[in-house]
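# Working through the structure, step by step
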Amino acid sequence: MIEDEQRIARNIKEGLEQERYAVDLAYDGLEGYDLAAGEEYEVIILDLMLPKMDGMTLCRKLREEKITTPILILTAKGQTKDKIEGLNAGADDYLTKPFSFEELLARLRVLTRRPKNSLGEVLAVGDLRLDSKNYQVKKGGREINLTAKEFALLEYLMRNAGLILSKEQIIAHVWNYEADILLNTVEVYIRNLRKKLRDTGKGEKALIKTRRGFGYQLSSKNV
């Protein structure tokens, strides 16, 4: 989230974290550009009236550099020409201040349901099912109760099924950029997740596979 009004930014960050999002904050356009260009995000919430680099310029630069992360523009400007300019700059949606937090959530859910590989709300790998809208996980028909971070970790693994994900990638997506998380924290969460899934991590039926020296891979195939 790139927003120079720090109180508003912190309030929205807190609300989004309660909804199980990991949120990084930037308070000016240059800092926001550095984060958005250097890290991989599911969505960018962008204010237009920013110091150092305005939101419209930032949006154009990201699109010129082929960064396709969905962008939701926030602004106090409500005139049609401003909305058109924002959308023409490459934004995916537009929300005029003041707005309700529920409306912001609804817009984010629409944007984050458009991942690059077009996965929907219900993910499936083998007999494992994850409903990202209702926060439900089932394996072989058995419902599994997960903590918020365990759920976020499993969702990230499932959305990238078949790929080997490093611990650094997992931390960046499941926690946030500023989180002081040690690499062995990921090991602890993976171990807890395997225990709840009754997945040993070994043998043909293992879902979450450890790739020594590389990271973790979720797959229903014996690869």
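Residues numbered from 1 in each chain as written. Predicted model: local features only at pLDDT ≥ 70, side-chain atom pairs only at ≥ 80, totals over all residues. Heavy atoms only, no water.

## Here's the deal with the sheet that holds strand β8 (residues 164-165)
Strand order in the open sheet formed by three strands is β8-β10-β9, with antiparallel pairing between adjacent strands. In the strand order of this sheet, the two ends are held by β8 and β9 (208-211), each with one partner. Here four bridges tie β9 to strand β10 (residues 215-218), and the two strands are oriented antiparallel to one another. Within β10, the position partnered with Arg-211 by the bridge is Gly-215. In the packing of helix α8 (residues 183-197) onto the sheet, contacts are made with β9 and β10, and the angle to β9 comes to roughly 145°. (Pairing = 2+ DSSP bridges. Helix = DSSP H or I, 4+ residues; strand = E, 2+ residues; numbered from the N terminus. Contact = heavy atoms within 4.5 Å. Axes fitted to C-alpha atoms, helices over the stretch in contact; angles between N-to-C directions.)

## Describing helix α3 (residues 55-64)
Among the residues of α3, those classed as buried are Gly-55, Met-56, Leu-58, Cys-59 and Leu-62. Down the axis of α3, the smallest arc covering the buried residues is 165°, so these residues share one side. Note on α3: the residue one or two positions beyond its end, Lys-66, has a positive phi of about 65°. (Buried < 20%, exposed > 50% of the residue type's maximum accessible area, 1.4 Å probe, protein only. Arc of directions from axis to C-beta.)

## So, the nonpolar core
Ranked by internal contacts, the top residues of the largest apolar core, which has 27 residues, are Val-137, Leu-154, Leu-157, Met-158, Ile-170, Leu-193 and Ile-208. Per-element accounting of this core gives the leading share, seven residues, to helix α6 (residues 148-159). If near-sequence neighbours (up to four positions away) are discounted, Leu-154 is found in contact with Leu-128, Leu-130, Val-137, Leu-146, Leu-193, Leu-197 and Leu-218. Core analysis: the next-biggest nonpolar cluster, separate from the first, contains 20 residues, Ile-2, Met-53, Leu-62 and Ala-91 among them. (Core = buried A, V, L, I, M, F, W, Y, C linked by side-chain atoms within 4.5 Å.)

## Topic: the confidence of the model for the protein
The pLDDT averaged across the protein works out to 83; a share of 88% of its residues lies at or above 70. Across residues 114-119, where pLDDT falls below 50, the model places seven contacts with residues more than four positions away in sequence or in other chains. (pLDDT = per-residue confidence, 0-100.)

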